[in-house]
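# Observations on chain architecture
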Amino acid sequence: GAAAKALGDGGVLSVKATSANSAFSATASSDALGGRYAVRVDALASAAKARSGAFASNDALVRAGTLHLDLSGNGYDIAINEGDTLAGVANSINRSGAGVSAAIISDGTSSYLSVTNIDTGFALGAAPGSALTFSETSTGATGQPLALSIVSPATNALLNVDGLPIEQRSNDIVGVIPGVTMSLKATSATAETLVLGNDAEGTAANVTKFVASYNDVIKVIQRQLSVDEASKRSSTLAGDGAIRGLQ
């Protein structure tokens with residue numbers, strides 16, 4: 001059953017993070033092993049963000065044309081029709097399927113279109129600016145162009161584990177320590193010690209699940225072996241000596 005497979009894959013002993021860390025939290029799966037690791041968080045991953053020029057209001061007209069967005073090599077074209085407002089363009093971007101979120105923000109005087117990548121970071125080995133680029137082709141005669149510009153470039157998460165530098169696009173770090181997911185929360189000037197220790201409650205739960213599954217199997221076998229003269233031995237396990245030996 002599933003409980004037996006889980007014990008075969010991960011063993012009886014359960015492991016959890018027993019240290020109190022401020023720059024990150026850690027979650028251990030059944031594949032994790034006990035150990036100690038020095039972890040320093042040098043940078044957090046963040047999403048690229050762009051902002052338009054100032055508009056008089058959400059209902060101000062945007063010049064018709066095409067807005068092209070490129071997210072790490074994936075391109076999206078958003079049509080801006082004659083008469084579209086700033087709020088309407090934001091809705092069109094959100095319906096386009098591009099991996100961005102568009103919203104209107106205001107400083108109390110002017111309105112701005114804010115475009116933010118849904119995913120943090122940029123492709124490893126690529127330039128940070130590749131996470132979000134854009135171009136605008138104007139064909140209309142009314143309204144004003146968006147005039148987008150990057151206000152916050154994408155950043156990748158940077159950390160050091162036992163002296164080994166690590167870079168990942170997300171703040172949820174996987175694949176570095178076997179069976180462990182680290183969620184980065186803040187940068188740290190010095191390394192913090194991550195301790196993976198035995199989880200007594202988790203181990204007890206593993207054993208309990210296995211015992212319960214074993215007992216369920218035994219009940220099924222006992223029902224199969226409990227036959228009388230009216231029972232069809234060909235449709236039960238009563239005649240199987242190997243099954244009888246499991247009792």
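Strand order in the open sheet formed by 4 strands is 7-8-4-10, and the pairing between neighbours is antiparallel. Where the open sheet ends on each side, the last strands, each with one partner, are strand 7 (100-106) and strand 10 (149-152). Here the average twist between neighbouring strands, direction ignored, is 30°. Pairing of strand 4 (residues 49-51) with strand 10, which is carried by 3 bridges, proceeds in the antiparallel orientation. What sits directly across from Ala50, in strand 10, is Ile150. Each of strand 7 and strand 8 (111-117) touches helix 2 (residues 86-95); the most contacted strand, strand 7, lies at about 160° to it.

Here we take up unusual backbone geometry. The residue Ala147 is not glycine, and still its phi comes out positive at about 55°. Within the secondary structure layout, Ala147 lies in the loop between strand 9 (133-138) and strand 10. Taking relative accessible area as the criterion, Ala147 reaches 47% and is therefore assigned partly exposed. The phi angle at Asp162 is positive, at roughly 55°, despite the residue not being glycine. Following the sequence through the fold, Asp162 ends up in the loop between strand 11 (157-161) and strand 12 (164-168).

Mapped onto the elements of the fold, Gln168 is located in strand 12. Classification of Gln168 as buried rests on a relative accessible area of 17%. Remark: the alpha-carbon pair of Gln168 and Thr120, spanning 48 residues in sequence, is separated by 9.7 Å. Aside from chain neighbours lying at most four places away, what touches Gln168 is Leu124, Asn156, Ala157, Ile173, Val174 and Val176.

All right, on to the nonpolar core then. Core analysis: the largest hydrophobic core is formed by 25 residues, its most contacted members being Leu67, Leu69, Ile93, Val100, Leu113 and Leu146. Contributions of two or more residues to this core are made by strand 5 (65-71), strand 6 (74-80), helix 2, strand 7 and strand 8. The contact partners of Leu69, leaving out residues within four places of it in the chain, are Asn74, Gly75, Tyr76, Ile78, Ile93, Ala98, Val100, Thr133 and Phe134. Core analysis: the second largest hydrophobic core is formed by 18 residues, Ala32, Val41, Ile166 and Met182 among them.

This part takes up the sheet that holds strand 6. The sheet built from 3 strands is open, its strands ordered 6-5-9 with antiparallel pairing. Whereas interior strands pair on both sides, the edge strands pair on one side only; in this sheet they are strand 6 and strand 9. Direction aside, the axes of adjacent strands within the sheet are offset by 15° on average. Pairing of strand 5 with strand 9, which is carried by 6 bridges, proceeds in the antiparallel orientation. Within strand 9, the position partnered with Leu67 by the bridge is Glu136.

Looking now at the pattern of salt bridges. Going through the model one piece at a time under the given rule, you end up with 1 salt bridge. Across the pair Asp42 and Arg40 runs a salt bridge whose closest N-O atoms are separated by 2.7 Å. A relative accessible area of 39% places Asp42 in the partly exposed class.

Our next topic: the confidence of the model for the protein chain. Summing up the model confidence of the protein chain, the mean pLDDT is 85 and the portion of residues at 70 or higher is 74%. Note on residues 3-10: pLDDT is under 50 here. Beyond four places in sequence and across chains, it has 10 contacts. Considering only residues more than four positions removed or in separate chains, one finds that residues 200-218, a stretch of pLDDT under 50, has 17 contacts.

Residue position: Asn21 is located in the loop between strand 1 (15-17) and strand 2 (24-28). Within the local environment of Asn21, its side chain forms a polar contact with the side chain of Ser19, the two groups lying 2.8 Å apart. In contact with Asn21, other than residues within four places in its own chain, are Lys185, Glu192, Thr193 and Leu194.

Conventions we followed
- Residues numbered from 1 in each chain as written.
- Predicted model: local features only at pLDDT ≥ 70, side-chain atom pairs only at ≥ 80, totals over all residues.
- Heavy atoms only, no water.
- Pairing = 2+ DSSP bridges.
- Helix = DSSP H or I, 4+ residues; strand = E, 2+ residues; numbered from the N terminus.
- Axes fitted to C-alpha atoms, helices over the stretch in contact; angles between N-to-C directions.
- Contact = heavy atoms within 4.5 Å.
- Buried < 20%, exposed > 50% of the residue type's maximum accessible area, 1.4 Å probe, protein only.
- Core = buried A, V, L, I, M, F, W, Y, C linked by side-chain atoms within 4.5 Å.
- Salt bridge = Lys/Arg side-chain N within 4 Å of Asp/Glu carboxyl O.
- pLDDT = per-residue confidence, 0-100.
- Polar contact = N/O pair within 3.5 Å; in protein donor to acceptor, adjacent residues only side chain to side chain.

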